[in-house]
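One letter stands for each residue in the lines below.
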Amino acid sequence: MGESCFVAGSGGGPARHCSGHRGPSADRADLGATIGTHSLLLVLDNFEHLPTAAADIAALANITSNLRILITSRCALHVRGEHELPLGPPTSNPSKQGLESAAVRLFVDCVQAVDPHFRLTPANEPVVSRICCLLDGIPLALELAASRLRAVTVDGLLAWLERPSRC
């Protein structure tokens, strides 16, 4: 059975629908023609889950002059023109206090998504900073921990994080 695709028009151009599988080269050519001379930023997140698509993305970049691609991935693509910018998690730098710390700011933002009334105060700042430190400032860990505040207080969360794990 053939595959189908839908390519939305850009810059007021018409949308196109294609059906039947003609192969990756034809699909790239269609997409390249649709992009044409329009400036476009393509953002692909967690690309490490699609390692075989790197060649297709590189080929698409080669046939479109105004396409810029921003890819997040845990591993390099190893394609021509790639510029790696290794990023680590926001640090829980002990010299930075409260909202000066990127990890604390992220945690507070995530908590406020759960509880809009939450504020970082002088009373809870040491607890929040310790939570961020225990989680190594890892964004996903901070988001998941913040979501726990639906059921526990920040003090309860800290106590849970400091409890030795049982195997």
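Here the structure is a predicted model, which is why all the values come from computation and not from measurement.

1. A word on the nonpolar core
Here comes step 1: In terms of nonpolar packing, the biggest core is built from 19 residues, with Phe-107, Val-128, Ile-131, Cys-132 and Val-154 touching the most fellow members.
Here comes step 2: The element best represented in this core is helix α3 (residues 102-114), accounting for 6 residues.
Here comes step 3: When near neighbours in sequence (up to four residues on either side) are disregarded, Ile-131 contacts Phe-107, Val-154, Leu-157, Leu-158 and Leu-161.

2. What about the pairing of strand β3 (residues 40-44)?
Here comes step 1: In this sheet, strand β4 (residues 67-71) lies alongside β3 in parallel orientation, the contact comprising 5 bridges. Bridge pairing in β4 links Leu-40 to Leu-67.
Here comes step 2: Regarding topology, helix α2 (residues 54-63) serves as the crossover connection from β3 to the parallel β4, and that connection is right-handed.

3. Focus: the side chain of Glu-48
Here comes step 1: Of note, Glu-48 is situated in the loop between β3 and α2.
Here comes step 2: Once residues within four sequence positions are removed from consideration, Glu-48 is found in contact with Thr-72, Ser-73, Arg-74 and Cys-75.

4. Observations concerning the packing of aromatic side chains
Here comes step 1: Counted by the stated rule, this structure contains 0 aromatic pairs.
Here comes step 2: A cation over a ring is seen here: Arg-148 above Trp-160, with NZ or CZ 6.0 Å from the ring centre.

5. A word on the confidence of the model for the protein
Here comes step 1: When pLDDT is averaged along the protein, the result is 79, and 76% of the positions lie at 70 or above.
Here comes step 2: At the level of individual helices and strands, the protein shows its lowest average pLDDT in strand β1 (residues 4-7), which scores 39, and its highest in helix α6 (residues 154-162), which scores 95.

What counts and how
Residues numbered from 1 in each chain as written. Predicted model: local features only at pLDDT ≥ 70, side-chain atom pairs only at ≥ 80, totals over all residues. Heavy atoms only, no water. Core = buried A, V, L, I, M, F, W, Y, C linked by side-chain atoms within 4.5 Å. Buried < 20%, exposed > 50% of the residue type's maximum accessible area, 1.4 Å probe, protein only. Helix = DSSP H or I, 4+ residues; strand = E, 2+ residues; numbered from the N terminus. Contact = heavy atoms within 4.5 Å. Pairing = 2+ DSSP bridges. Right-handed = clockwise from strand over helix to strand, strands pointing away. Phe/Tyr/Trp six-rings, centres within 6.5 Å; stacked < 30°, edge-to-face > 60°. Lys NZ or Arg CZ within 6 Å of the ring centre and 35° of its normal. pLDDT = per-residue confidence, 0-100.

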